[in-house]
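In case you want the letters, here they are:
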Amino acid sequence: MEKELLKVHGSGNTFYLYSTEDEYEIDWAGFTTWLCEKDRHDGADGLLLILPSEVADAKMRVINADGSEASMCGNGLRCVARYVCEKLGRDEAIIETIKANLRVRKAPSLLEDIPTYAVEISPVSFQLDSLPMNYRGQTNIRHQIIEEFSSTIPFTAVSVPNPHLIGIVDQANIKDNAHQKNLSEMLNGENDFCSDGVNVSYVYPMNDDTIFVRTFERGVGFTNACGTAMTASALVSRLNGIVNDDVITVFNPGGFVRCEVKNLGDFYDLTLIGNATVTASYVFNVEGTAYKFVGLKETEEQKLYQKCIELVKRETASFASY
Ligand SMILES: N[C@H](CCC[C@H](N)C(=O)O)C(=O)O
């Protein structure tokens, strides 16, 4: 049976997006690993599923490139927000996710006429068992040197609600990703710290309201951007006085986003604002576990998005290598 699939990205974090009424229609893990093979239309970082919801306008599920499922995806949620809002003919909606029903809305464009959406990132917890993560019986890791990881990089562990380890680093650890790669591969393999793996981000402060973030994603590897990681990094940077504004611009290898961070005492109100770009639509056939692309139509949107990439390269040329 022929079905339509979109290819989308948020900040260069690329996904296939599939809407269906039947949550059990396809083996999502097997389908996603097939879709994300790099030599198949350049692959992708995962699959976003849009499903009916009894409590919200739609439900989002997130499947990583390795077939594992995640509780949240910030860049993906912006693409889902656009799809659902355009389908409903509205500028805002509520999207059900595993841990929360999240508010999403169309936002003024961050650059030129690039479609831009604002999404709520929630729930947030610094409790190690919310990741989960174990470290010497501690209940949290907040801007702390972990000697097993590094003698110079302070790390914070936070769930939003997927798990993140955020390190504040110097230029040397942005120019060269070897330390981040080794630590991330260890924490996403057999290890004594993170039983479910973890997304690992290195944050380089650029000025008092701007940071650069590179993320090694659980279930994927290095990606152009990770929305939940950029939001978590903005929160950690704000709480540790690395930036001193509640609206933080976050550059990443694939583009840039804005993160709004409101510390309401015992609750953090986090909003991620950025592009939701549709680059192509595909028609595919599925017979059991046999998948086949039968049609492809590219959009004009990536040409517009190219301006974002040029801006990022100009702003980060002094320390980032692409
Ligand atoms: N790899 C992540 C899921 C995707 C998150 C990322 N793509 C984002 O935009 O937040 C995890 O396993 O927690």
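Given the structure is predicted, the values throughout are model-derived calculations rather than measurements.

### Quick word on the pattern of salt bridges
Okay, so step 1: Counting across every chain of the model gives 15 salt bridges.
Okay, so step 2: The partner of Glu 23 in a salt bridge is Lys 59, with the nearest N and O atoms 3.3 Å apart. Taken together, the residues Glu 23 in the loop between strand S2 (13-19) and helix H1 (28-35) and Lys 59 in strand S4 (residues 58-64) connect sequence positions 36 residues apart.
Okay, so step 3: A relative accessible area of 18% means that Glu 23 is categorised as buried.
Okay, so step 4: Arg 82 is the partner of Glu 301 in a salt bridge, and the nearest nitrogen-oxygen pair spans 2.8 Å. Here the residue Glu 301 occupies a position in helix H6 (residues 301-316), and Arg 82 occupies one in helix H2 (residues 74-88), the gap between them amounting to 219 residues.

### As for the environment of Ile 121
Okay, so step 1: If you trace the backbone, Ile 121 turns up in strand S8 (residues 116-121).
Okay, so step 2: Accessibility expressed as a relative area gives 1% for Ile 121, which makes it buried.
Okay, so step 3: When sequence neighbours within four positions are dropped, the list of residues in contact with Ile 121 reads Met 72, Gly 74, Val 160, Thr 231, Leu 270 and Leu 272.

### Brief notes about unusual backbone geometry
Okay, so step 1: In the segment running from Ser 122 into Pro 123, the intervening peptide bond is cis, with an omega of -5 degrees.
Okay, so step 2: Following the sequence through the fold, Pro 123 ends up in the loop between S8 and strand S9 (144-145).
Okay, so step 3: A cis amide bond links Val 160 with the next residue in sequence, Pro 161, at an omega value of -15 degrees.
Okay, so step 4: Within the element layout of this structure, Pro 161 appears in the loop between strand S10 (154-159) and strand S11 (163-168).
Okay, so step 5: In this structure, Asp 42 is a non-glycine residue whose phi angle is positive, near 65 degrees.
Okay, so step 6: Tracing the backbone shows Asp 42 in the loop between H1 and strand S3 (46-51).
Okay, so step 7: Owing to a relative accessible area of 68%, Asp 42 belongs among the exposed residues under this scheme.
Okay, so step 8: The phi dihedral of Arg 136 is positive, around 50 degrees, even though this residue is not glycine.

### Let's talk about the site of the ligand
Okay, so step 1: Taken together, 15 residues are adjacent to the ligand, and Asn 13, Glu 217, Arg 218, Gly 227 and Thr 228 come closest.
Okay, so step 2: In the model, an oxygen atom of the ligand is placed 2.9 Å from a nitrogen or oxygen of the Asn 64 side chain.
Okay, so step 3: Compared with its free state, where it exposes 360 Å², the ligand has 100% of that area covered by protein.
Okay, so step 4: Of the residues that constitute the shell around the ligand, the class distribution is five nonpolar, eight polar and two charged.
Okay, so step 5: Residues lining the shell around the ligand come from more than one domain, with at least three contributed by each of domain 1 (2-120 + 275-313) and domain 2 (128-270).

### Observations concerning the domain arrangement of the chain
Okay, so step 1: On domain assignment, one finds that the chain holds domain 1 (2-120 + 275-313) and domain 2 (128-270).
Okay, so step 2: Centre-to-centre separation of domain 1 and domain 2, based on C-alpha positions: 24 Å.
Okay, so step 3: Buried surface at the junction of domain 1 and domain 2, summed over both partners, amounts to about 1800 Å²; 55% is from carbon and sulfur atoms.
Okay, so step 4: Among the residues of domain 1 in contact with domain 2, Ser 11, Leu 110 and Val 312 are the three that bury the most area, contributing 29% of the side total.
Okay, so step 5: Here Arg 103 makes a salt bridge to Asp 269, at a shortest N to O gap of 3.9 Å.
Okay, so step 6: Of all elements in the fold, only H2, strand S7 (101-107), S8 and H6 reach the threshold of two or more residues within the side of domain 1 that touches domain 2.
Okay, so step 7: Per element, the largest residue contribution to the side of domain 1 that touches domain 2 is five residues, and it comes from H6.
Okay, so step 8: Classifying every residue of the side of domain 1 that touches domain 2 gives 12 nonpolar, nine polar and seven charged.

### What to know about the packing of aromatic side chains
Okay, so step 1: One pass over the full model with this rule turns up 19 aromatic pairs.
Okay, so step 2: Ring centres 5.8 Å apart and planes at 80 degrees place the aromatic pair Phe 126 and Tyr 268 in the edge-to-face group. On the criterion of sequence distance, the pair formed by Phe 126 in the loop between S8 and S9 and Tyr 268 in strand S17 (residues 268-275) is long-range, its members being 142 residues apart. Each member of the pair Phe 126 and Tyr 268 is classed as buried.
Okay, so step 3: Consider the rings of Tyr 282 and Phe 293, whose centres lie 4.8 Å apart with planes at 40 degrees: the pair is tilted.

### Regarding the environment of Leu 239
Okay, so step 1: Locating Leu 239 in the fold gives a position in helix H5 (residues 227-239).
Okay, so step 2: Taking the C-alpha atoms as reference, Leu 239 lies 17 Å from Arg 258; in sequence the two are 19 residues apart.

Definitions and limits used
- Here the residue numbering is sequential within each chain, running from 1 through the sequence in written order.
- It should be noted that, the model being predicted, local features are given only for residues of pLDDT at least 70 and side-chain atom pairs only at 80 or more, the latter also being counted only at that level, while totals for whole chains, interfaces and linings use all residues.
- Excluded from the side-chain calculations are hydrogens and water; all other atoms, namely the structure's heavy atoms, are used.
- What makes a salt bridge here is a side-chain nitrogen of Lys or Arg within 4 Å of a carboxyl oxygen of Asp or Glu, nothing more.
- Starting at the N terminus, helices and strands are each numbered in turn, a helix being any DSSP run of H or I of at least four residues and a strand any DSSP run of E of at least two.
- The buried label applies to any residue whose accessible area, calculated with a 1.4 Å probe on protein chains only, is under 20% of its type's maximum; exposed applies above 50%, and partly exposed to all values in between.
- Contacts are assigned to residue pairs that have any heavy atoms within 4.5 Å of one another.
- The rule for a residue being near a molecule or strand is that one of its heavy atoms must lie within 4 Å of it.
- The definition of a polar contact used here is a pair of N or O atoms within 3.5 Å, where within protein one atom must be able to donate a hydrogen and the other to accept one, and adjacent residues in sequence count solely through side-chain atom pairs.
- We get accessible surface area from the Shrake-Rupley algorithm with a probe of 1.4 Å; when it comes to residues, only the shown protein chains can shield them.
- All residues other than Ala, Val, Leu, Ile, Met, Phe, Trp, Tyr, Cys, Pro, Asp, Glu, Lys and Arg, Gly among them, are scored as polar; the first ten of these are nonpolar and the last four charged.
- By convention here, the domain bounds are inherited from an automatic or database domain assignment.
- Here's the idea: put two parts together, see how much 1.4 Å probe accessible area each one loses, and the total over both is what we call buried area.
- Two rings from Phe, Tyr or Trp (for Trp, the six-membered ring) form a pair when their centres sit within 6.5 Å of each other. Planes less than 30 degrees apart are called stacked, planes more than 60 degrees apart edge-to-face, and all others tilted.

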